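Listed below, chain by chain, are the residues.
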Amino acid sequence: MHNQKKVALIMQQLVQGIHPQALGAKKMRCCHNLYRIRIGKNYRLLISLVENKWRAAELCTRQQLKRKLKQRRRHSNLVAKQHL
């Protein structure tokens, strides 16, 4: 329950225009416009910039983070190839 409250508070601050790095988020080098922020000991919230608005992309455990990033990279590569 505590994690849900923290996610809601972060999303509220993002809507107000606060940049994710001001909230303690780390920029992900592998994916453009993607940040991760620690939610408790075992959870990470992925935040992305879509149409000039910050959105929660996904809440995952820290163990799942690497797999989720690989899925995002693979998907973005497929989309890029389709637009060629």
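A brief report on the enclosed structure follows.

Section: the overall build of the protein
Regarding its fold elements, the protein presents 2 helices and 4 strands. Starting at the N terminus and walking to the C terminus, you meet the elements of the protein as α-β-β-β-β-α. If you take every contact in the protein between residues at least 6 apart in sequence, the share linking residues at least 24 apart comes to 32%.

Concerning helix 1 (residues 2-15)
One turn of an α-helix holds 3.6 residues; hence residues three or four places apart share an orientation. With 14 residues, helix 1 ought to run about 20 Å at 1.5 Å a step, and its terminal C-alpha atoms sit 20 Å apart, in line with that. Inspection of helix 1 places V7, I10, M11 and L14 among the buried residues, and these make up the whole buried set. Seen from one end, helix 1 has its buried residues packed into an arc of 100°, which puts them on one side. Those residues of helix 1 that are exposed and aimed more than 90 degrees away from the buried face are H2 and K5. Tucked inside the fold, the buried residues of helix 1 contact strand 2 (34-39), strand 3 (43-50) and strand 4 (53-61). Positive phi shows up at G17, right after helix 1, with a value of about 100°.

Observations concerning a positive patch on the surface
Where like charges cluster on the molecular surface, the positive patch consists of K6, R38, K41 and R62. Structurally, the position occupied by K6 is in helix 1.

Cut-off values and rules
Residues numbered from 1 in each chain as written. Predicted model: local features only at pLDDT ≥ 70, side-chain atom pairs only at ≥ 80, totals over all residues. Heavy atoms only, no water. Helix = DSSP H or I, 4+ residues; strand = E, 2+ residues; numbered from the N terminus. Contact = heavy atoms within 4.5 Å. Expected span 1.5 Å × (residues − 1). Buried < 20%, exposed > 50% of the residue type's maximum accessible area, 1.4 Å probe, protein only. Arc of directions from axis to C-beta. Patch = residues over 30% accessible without salt bridge, like charges linked within 9 Å, V, L, I, M, F, W, Y side chains within 5 Å. Areas by Shrake-Rupley, 256 points an atom, 1.4 Å probe, with all protein chains shown as cover. Salt bridge = Lys/Arg side-chain N within 4 Å of Asp/Glu carboxyl O. Lys, Arg positive; Asp, Glu negative; His and termini not counted. Charge placed at Lys NZ, Arg CZ, Asp CG, Glu CD.

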